[in-house]
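The primary structure of each chain is shown beneath.
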Amino acid sequence: MSLALQTTTRPTFWRIGDVGKAVFYYLAAVAILVFLFGTYERVRRYTQGSEDPFERLDDLPGRTLAAARLALSNRKQLDRDVVAGVMHAFVVWGFLTLLIGTTILGIDMDLYRPLTGDSFFVGDFYLSYSVVMDAMGLLFVVGVGVALWRRYGRRLDRLHGRHTSREDDLFLGALFVLGVGGYLTEGVRILGTSATRDVSFETVSFVGWFVKDLLSFAGVTPEMAAGAYPAIWWSHALVALWFVAWIPYAKPFHMLSSFANLVTRDEQAGVRLPGVPADAAPEDIGPSEIDDFSWKQLLDHDACTKCGRCSSVCPAKASGRPLDPRDVILDLKRYREERDAGGEDIPIIADGGTSVIDARTMESCMSCMACMDACPVDIEHVTQFTEMNRRLTESGEMNEHVQDAMMNVFQHGNTFGDPERKRPDWTDDLDFEVPDARDQPVEYLWYVGDYPSYDERNQRVARALARVFESAGVDYGILYEAERTDGNDVRRVGEEGLYEMLVEDNAGAIGDCEFESIVCTDPHSYNTFKNEYPEFEACEWESRDVFHYTQVVADLAESGALGLQGTELDDTVTYHDPCHLGRFNDVFEAPRDLVRATGADLHEMPRNRADSFCCGGGGGGLWMDLEEDTKPSEERLREALEDTDAPVERFVVACPMCMTMYEDGRKTGGFEDDLEVVGLTELLAEALEA
């Protein structure tokens, strides 16, 4: 062995001996085999799930690289909770560095030295290695320490719930013991070897050196350290090997499953939903048993880290409805594990009786996708929730109020149950004629939607938009009575068959017209026309041909065609981001540009853009009579009044559903004298008149 190896390096397996070394390698092999077997069993279990309808394994190298960038950037963890993001970064980067460092040491000991008779684990390499390992290991310990403080010291609400268990305690405790134990082992080694050699170069291991100094200050001699070292080394080694073997069988598996979830994620999950196979029997629609979920959905269940981010942003949970997105995912996971262990088969979802998920839980979902946006590992909650709603529909257990709305749609093509001939009646009060797109070619085919057509309050919004189009000289037309409800929320409450019928009806009416683009009043219509209709053969347009009216009007304002230059409305307003426009489709700035173009003074609520709080109407909520502690619309209006950085007079919306929910929330919440709810088109029409 060279002089450099004897001096500027550290002894490996010091005081362990050849027998101890052999025992360690044997235990390491066993731990790795247990780890591999457990991981294999997990993957094999996923293959028992149903086929996933979307392509998730194409371009695996590209997907893996993108997932690695996302995971290492910690962007999802930093969103909404900077402390948690930094903490997670410390833990992840520290853990990976320690893992890589251990691998490098193993390569030197077990491959390079036997093959060359020399070692690269000496000199400058060793010194650099030591300082990096100590620095990153310290970040790891700090990160785990912050996690312990947030869970047990601060007792952050979202970290505790029905599925919190001793497993969570053991996981965090094991990480802390591994981190601190490594430094204790290092400090004892430095102190113990100082009696027989110069260890001054070990100061680069600044944490280990600090531990050595603490031990010396406490009266520990080099001889005492040398005597205690084997027991300390074995304690650390056994905890590390046990942890490796434990990974596939408990919470640590999320380190693998969450990354796999990022690799196989669908960037449009929830924005567009999977269809039902044409040959599917009614009993095969929606999950009746656990293996009816796709392999990706089973992976979703295992990827959940119980972080509670989805729970903390869910408007249904905040309003007191019986839904916690985290609990739904973990209930399904626990049922699968219990059934695999020989437990009793029970229905996945039912209205009353024994089931994994109660029907009222799924009825509570607003399909707002806040849970998915907040999830750091891209669990696709909304897709699974919709498929469980399909099962309720097929088993005849749909909410009675939703059933009434669906019957109206089936019989009359709208959720109000009004005659089809009355759909264009909102145009009667205009002093100009709205063009009929069935009779003449137009640049913009305007899909008006149900609420702007039949609801008195939203008819004013539609008329205001028509005046804006006329003022700007837009070449547009509507479908008049040929229009049917778009079906976005019909699909999300589980009525897939009715949704497909609506697609055919609307596609047929639209296909008879000559147009360049489709423009929608309602973000719900915009989302389904843009992201879901084009998947059907009957629809000849592409996603780029569909716009929300705010996008079209913002372009008109920017070009000067709208004539808003110099307009100054003397209003202090806030703007509410509709879920289907903002979170679903990333349209955040066009509505704000229009508000500013009117000259109104715009102030943001704390929850804005992708963090916006749902009005409560999505996912069929508009049609239901649910028991709630506080309506989501009331909570949002309270936020506008109390938490915005300036007193606001008007609450601006760009969604007919939001208009309906917030007008109701003004009455039930007692805000009628404090705040006016106004459609963005109405604000624009006022500005044009001014």
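Numbers given for residues are sequential positions, taken from 1 along each chain in its written order. Given that this is a predicted model, residues contribute local features only at a pLDDT of at least 70 and side-chain atom pairs are listed and counted only at 80 or more, while totals for whole chains, interfaces and linings are drawn from all residues. Water and hydrogen atoms were dropped before computing side-chain values, which therefore reflect all heavy atoms in the structure.

Peer 1: Any chance you could explain the environment of Ile 107 here in plain terms?
Peer 2: Helix and strand definitions follow DSSP, with helices as H or I runs of at least four residues and strands as E runs of at least two, each counted in order from the N terminus. Following the sequence through the fold, Ile 107 ends up in helix H5 (residues 82-116). The contact partners of Ile 107, leaving out residues within four places of it in the chain, are Tyr 112 and Phe 120. Between two residues, a contact is recorded if the distance between any of their heavy atoms is within 4.5 Å.

Peer 1: Just checking my understanding: could you explain the confidence of the model for the protein for this structure?
Peer 2: The predictor's confidence in any single residue is recorded as pLDDT, a number from 0 to 100. In the predicted model, the protein carries a mean pLDDT of 95, and 99% of its residues have values of at least 70. The model gives residues 1-6 a pLDDT under 50, and that stretch makes seven contacts with residues more than four places away or in other chains.

Peer 1: So what exactly am I meant to see when it comes to a nonpolar patch on the surface here?
Peer 2: Patch membership is restricted to residues that have no salt bridge and whose relative accessible area is over 30%. Joining uses 9 Å for like charges and 5 Å for the nonpolar side chains Val, Leu, Ile, Met, Phe, Trp and Tyr. Method for areas: the Shrake-Rupley scheme with a 1.4 Å probe, in which residue coverage is limited to the protein chains shown. Salt bridges are identified by distance alone: a Lys or Arg side-chain nitrogen within 4 Å of an Asp or Glu carboxyl oxygen. A contiguous nonpolar surface patch, about 630 Å² in accessible area, is contributed by Tyr 26, Val 30, Val 34, Phe 37, Tyr 40 and Tyr 249. Looking at the element boundaries, Val 34 is found in helix H2 (residues 17-46). Burial classes follow relative accessibility: with a 1.4 Å probe on protein chains only, a residue under 20% of its type's maximum area counts as buried, one over 50% as exposed, and anything between as partly exposed. Here Val 34 falls in the partly exposed class, since its relative accessible area comes to 32%.

Peer 1: It is not clear to me how helix H6 (residues 123-153) should be interpreted in this structure. Could you clarify?
Peer 2: Each α-helix winds once per 3.6 residues, and so residues spaced three or four apart point in a common direction. Expected span of a helix: the number of residues minus one, times 1.5 Å. For H6, with 31 residues, the first-to-last C-alpha span of 43 Å sits near the 45 Å given by 1.5 Å per residue. Phi turns positive one or two residues past the end of H6, at Arg 155, with a value near 55°.

Peer 1: Just checking my understanding: could you explain the pattern of salt bridges for this structure?
Peer 2: Oppositely charged side chains can pair when the atoms bearing their charge come close. Under the criterion given, the structure shown has 66 salt bridges. In this structure, Glu 535 engages Arg 272 in a salt bridge whose closest nitrogen and oxygen atoms are separated by 3.0 Å. Of the two residues, Glu 535 sits in the loop between helix H23 (523-531) and strand E6 (546-548) while Arg 272 sits in the loop between helix H10 (254-263) and helix H11 (295-303), which places them 263 residues apart along the sequence. You can call Arg 272 buried: its relative accessible area is 10%.

Peer 1: Could you clarify how one ought to interpret the pairing of strand E3 (residues 444-447) in this entry?
Peer 2: If a strand is regular, its side chains alternate between the two faces of the sheet. By the alternation rule, side chains of E3 split into Tyr 444 and Trp 446 and Leu 445 and Tyr 447, which are all buried. For two strands to be treated as a pair, DSSP must find no fewer than two bridges joining them. Bridge count for E3 against strand E5 (residues 517-520) is four bridges, and the pairing is parallel. Following the sheet pairing, Leu 445 is matched in E5 by Ile 518.

Peer 1: Sorry if this is basic, but what is going on with the sheet that holds strand E9 (residues 650-653) here?
Peer 2: Note on sheets: strands pair through backbone hydrogen bonds, and any given pair is parallel or antiparallel. With parallel pairing, four strands are arranged side by side in an open sheet as E8-E7-E9-E10. Each of the sheet's edge strands pairs with one partner strand only, and the pair in question is strand E8 (601-602) and strand E10 (676-679). The pairing of strand E7 (residues 572-575) with E8 spans two bridges and is parallel. Directly across from Thr 572, in E8, lies its bridge partner Asp 601.

Peer 1: When you look at the packing of aromatic side chains in this model, what are you seeing that I'm missing?
Peer 2: Each aromatic ring pair is summarised here by two numbers: the centre-to-centre distance and the angle between the ring planes. Each pair of aromatic rings taken from Phe, Tyr and Trp, with Trp reduced to its six-membered ring, is defined by centres within 6.5 Å and is described as stacked if the planes are under 30 degrees apart, edge-to-face if over 60, and tilted in the remaining cases. The tally for this structure, following the rule as stated, stands at 31 aromatic pairs. On the basis of an interplanar angle of 85° and a centroid distance of 5.3 Å, the ring pair of Phe 120 and Phe 125 is categorised as edge-to-face. On the accessibility criterion, Phe 120 (25% relative accessible area) is partly exposed. Among the aromatic residues, ring-to-ring pairing joins Tyr 112, Phe 120, Phe 121, Phe 125, Tyr 126, Tyr 129 and Phe 201 into one connected group. For a ring to carry a charge above it, either NZ of a lysine or CZ of an arginine must fall within 6 Å of the ring centroid while also lying within 35 degrees of the normal to the ring plane. The ring of Phe 54 has Arg 272 sitting right over it, with the charged end atom 3.8 Å from the ring centre. Its guanidinium or amino end placed over the ring of Phe 613, Arg 607 lies 4.3 Å from that ring's centre, counting from NZ or CZ.

Peer 1: Would you explain the sheet that holds E5 in this entry?
Peer 2: Pairing in this open sheet of four strands is parallel, and the strands run E4-E3-E5-E6 from one edge to the other. Of all strands in the sheet, those with a lone pairing partner are strand E4 (476-477) and E6, marking the two edges. Angular values range over 0 to 180 degrees, each being the angle between N-to-C directions of two axes fitted as lines to C-alpha atoms, with helices fitted over their stretch in contact. Contacts between helix H20 (residues 456-472) and the sheet are confined to E3, E4 and E5, with E3 contributing the most and set at about 170° to the helix. Across the sheet, H23 touches E3, E5 and E6, and the angle it forms with E6 is around 165°.

Peer 1: Can you help me understand helix H26 (residues 632-642) in this one?
Peer 2: Turning to H26, its buried residues number three or more, namely Pro 632, Ser 633, Glu 634, Arg 636, Leu 637, Glu 639 and Ala 640. Buried residues along H26 sit in contact with helix H13 (315-318), E7, E9 and helix H27 (656-668).

Peer 1: Sorry, what's going on with the side chain of Arg 666 here?
Peer 2: One can find Arg 666 in helix H27. For Arg 666, a relative accessible area of 15% translates into the label buried. A polar contact is formed between the side chain of Arg 666 and the backbone oxygen of Glu 672, at a distance of 2.9 Å. Not counting the four nearest positions on each side in its chain, Arg 666 is found in contact with Leu 637, Phe 671, Glu 672, Leu 675, Glu 676 and Val 677. Any pair of N or O atoms that falls within 3.5 Å is considered a polar contact. Within protein, one atom must be able to donate a hydrogen and the other to accept it, and sequence-neighbouring residues count only if both atoms are side-chain atoms.

Peer 1: Please clarify how the pairing of E9 should be interpreted in this entry.
Peer 2: Here E9 shows no split at all, with Arg 650 and Val 652 on one side and Phe 651 and Val 653 on the other all buried. Across three bridges, E7 lies against E9 in parallel orientation. Among the inter-strand pairings, Val 573 is bridged to a residue of E9, identified as Arg 650. Judged from the four bridges that link them, E9 and E10 form a sheet pairing that is parallel. Bridge assignment links Arg 650 to a residue of E10, and that residue is Glu 676.

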